[in-house]
Amino acid sequence: MSEARSGRLRVENASAGSREAFAAWVDGAPDGRVFGQVIVRPAPPFGYSLRHTDDAREAGLRVSEDPRAAREIAKLTEGGDYRPLKSSPNLRRGWELRVADARGLVTAMNYLYPAGVVHWYLNREGRLDLTSFRENAARQSGIYKRVQRLSDEGVLDAALACCEDAVCLKKTLWDVDEDTPLEVDRGEGEIPCPEPCSIFVSFARRVRLFERENDADGLSPSEKEDLAALVEAAATGEVGFAREAEFENPLNERRMRYRRLTLVPKLRRNG
Ligand code: SF4
């Protein structure tokens, strides 16, 4: 059998196995299972019901019986912003999906949390391949190649700012490299994260730019820029976060979380 064909068969087997295992997991909990921000309940006679966890007891939701409706639900936040990272805790509310069977259930889940079910399954089976930050960085090219120079401390700070449950509901399973564990709270959720995602790599690139600034004493140019933007926003009474993946913007949430880790201690030390 060719390598491509055996690879395809492995993927098909994992996908069928994950569908059955996920449906059985949900069937075993009449009160429902939580996956990301979705509560999934067995709902005889029509199959399964999916809602936002905050809508678990809500009446008058917009009901759809088409699992592909999950695609639109997952696309935008409540405020209408595009969601570049589907595992961010900003899934909008107000909907219910009623799907007929395990196939519909997994189709909907794959729109809400791409690859979440198959990763969940492989992780439970002990077969999920993990890729460390350094392995991932070695494959980067172009403007992302610079993440190869990010220090271990920078990787840790970037993960604390980018991957904790407050900003991403996946369980961070990857490490800095095979000898250096990523010392973060891995998260409580059911959805594993086996490898740094593109949002993380983009954020890591920004953190590497910060590292390159000479900021041993005093404030670096970007730290001054962030403080000025914060004061400006506060003075106009309009403090709000920039879009999720706009790391070049001082008021980006992950960038602010990074500053809390690195800039606030520096200000307190020098004060
Ligand atoms: S790398 Fe971090 S931000 Fe990206 S999916 Fe994994 S845990 Fe979430």
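Residues numbered from 1 in each chain as written. Predicted model: local features only at pLDDT ≥ 70, side-chain atom pairs only at ≥ 80, totals over all residues.

A.B. asks: Just checking my understanding: could you explain the environment of Ala161 for this structure?
C.D. replies: Relative to the helices and strands, Ala161 is located in helix H6 (residues 152-162). Spatially, the C-alpha atom of Ala161 lies 5.3 Å from that of Arg254, the residues being 93 residues apart in sequence. Residues within four places of Ala161 in sequence aside, it is in contact with Arg254, Arg257, Tyr258 and Leu261. (Helix = DSSP H or I, 4+ residues; strand = E, 2+ residues; numbered from the N terminus. Contact = placed C-beta atoms within 7 Å.)

A.B. asks: Sorry, what's going on with the nonpolar core here?
C.D. replies: Most often, soluble globular proteins keep nonpolar side chains buried together rather than apart. Counting residues in each nonpolar core, the largest one holds 50 residues, and the members touching the most others are Ala158, Phe200 and Ala204. Element by element, the count of residues in this core is highest for helix H7 (residues 198-212), at 7 residues. The residue makeup of this core includes at least three contributed by each of domain 1 (3-124) and domain 2 (133-270). Sequence-distant contacts of Ala204, that is, excluding residues within four places in its chain, are made with Val147, Leu150, Val155 and Ala158. (Core = buried A, V, L, I, M, F, W, Y, C linked by C-beta atoms within 7 Å. Buried ≥ 20, exposed ≤ 12 C-beta atoms within 10 Å, placed from the backbone. Domains from an automatic or database assignment.)

A.B. asks: How should I be thinking about the site of the ligand in this particular structure?
C.D. replies: Taken together, Ser87, Cys162, Cys163, Cys168, Lys170, Thr172, Cys193, Pro196, Cys197, Ile199 and Phe200 form the complete shell of residues around the ligand. Across the shell around the ligand, the residue classes tally to 8 nonpolar, 2 polar and 1 charged. (Near = placed C-beta within 6 Å. Nonpolar A, V, L, I, M, F, W, Y, C, P; charged D, E, K, R; others polar.)

A.B. asks: Looking at this model, I keep getting lost on the packing of H6 against helix H9 (residues 253-270). Mind explaining?
C.D. replies: Geometry of a packed helix pair, given as the angle between the helix axes and the separation of the axes. In the contact formed by H6 and H9, the axes pass within 8 Å of each other and the chain directions differ by 130 degrees. Between H6 and H9, the angle is such that the two are oblique. Relative to H9, H6 is oriented so that their crossing is right-handed. Along the contact surface, H6 presents Asp157, Ala158, Leu160, Ala161 and Cys162, while H9 presents Arg254, Arg257, Tyr258, Leu261 and Thr262. Grouping the amino acids of the contact of H6 with H9 by side-chain chemistry returns 6 nonpolar, 1 polar and 3 charged. (Axes fitted to C-alpha atoms, helices over the stretch in contact; angles between N-to-C directions. Parallel < 35°, antiparallel > 145°, perpendicular 65-115°, else oblique. Left-handed = near helix turned anticlockwise from the far one by under 90°.)

A.B. asks: Can you help me understand the pairing of strand S5 (residues 95-99) in this one?
C.D. replies: For a regular strand, side chains alternate in direction, first toward one face of the sheet and then toward the other. With 4 bridges connecting them, strand S3 (residues 47-52) and S5 associate as antiparallel partners. Looking at S5, one finds that Ser49 is bridged to Arg98. With 3 bridges connecting them, strand S4 (residues 62-64) and S5 associate as parallel partners. Bridging from a neighbouring strand, Arg62 pairs with Trp95 of S5. The parallel pair S4 and S5, bridged by helix H2 (residues 69-75), forms a crossover whose chirality is right-handed. (Pairing = 2+ DSSP bridges. Right-handed = clockwise from strand over helix to strand, strands pointing away.)

A.B. asks: Would you mind showing me how to read the sheet that holds strand S2 (residues 38-43) here?
C.D. replies: Strands in a sheet are paired, the pairing made by backbone hydrogen bonds, and the direction either parallel or antiparallel. Pairing is mixed in the open sheet, where 5 strands are placed in the order S1-S2-S3-S5-S4. Each edge of the open sheet is held by one strand with a lone partner, namely strand S1 (33-35) and S4. On average, each strand axis in the sheet is inclined to that of its neighbour by 25 degrees, with strand direction left out of account. Its contacts with the sheet put helix H3 (residues 102-112) on S1, S2, S3 and S5, and the angle it makes with S5 is roughly 145 degrees.

A.B. asks: What is the right way to look at H6 in this model?
C.D. replies: Burial analysis of H6 places 8 of its 11 residues in the buried class, which makes it a mostly covered element. Listed in full, the buried residues belonging to H6 are Gly154, Val155, Asp157, Ala158, Ala159, Leu160, Ala161 and Cys162.

A.B. asks: What is the right way to read the domain arrangement of the protein chain from this model?
C.D. replies: Bring the parts together and some accessible area is lost; that lost area is often taken as the interface size. On domain assignment, one finds that the protein chain holds domain 1 (3-124) and domain 2 (133-270). Taken together, the contacts link 14 residues of domain 1 with 14 residues of domain 2. Per element, the largest residue contribution to the side of domain 1 that touches domain 2 is 4 residues, and it comes from helix H4 (residues 116-124). In terms of residue class, the side of domain 1 that touches domain 2 is built from 6 nonpolar, 7 polar and 1 charged.

A.B. asks: Can you help me understand the packing of H6 against H7 in this one?
C.D. replies: Where H6 meets H7, the closest approach of the two axes is 10 Å, and the angle between their N-to-C directions is 130 degrees. It follows from the interaxial angle that H6 and H7 lie oblique. In the crossing of H6 with H7, the sense of the turn from one axis to the other is right-handed. Every residue of H7 that contacts H6 at Gly154, Val155, Asp157, Ala158 and Cys162 is listed here: Phe200, Phe203, Ala204, Val207, Arg208 and Glu211. Its residues placed into classes, the contact of H6 with H7 shows 7 nonpolar, 1 polar and 3 charged.

A.B. asks: Please clarify how the pairing of S3 should be interpreted in this entry.
C.D. replies: Relative to S3, S2 runs antiparallel, the two being bridged by 6 bridges. Following the sheet pairing, Ala43 is matched in S3 by Gly47. Hairpin connection, S2 to S3: the antiparallel pair is bridged by 3 residues.

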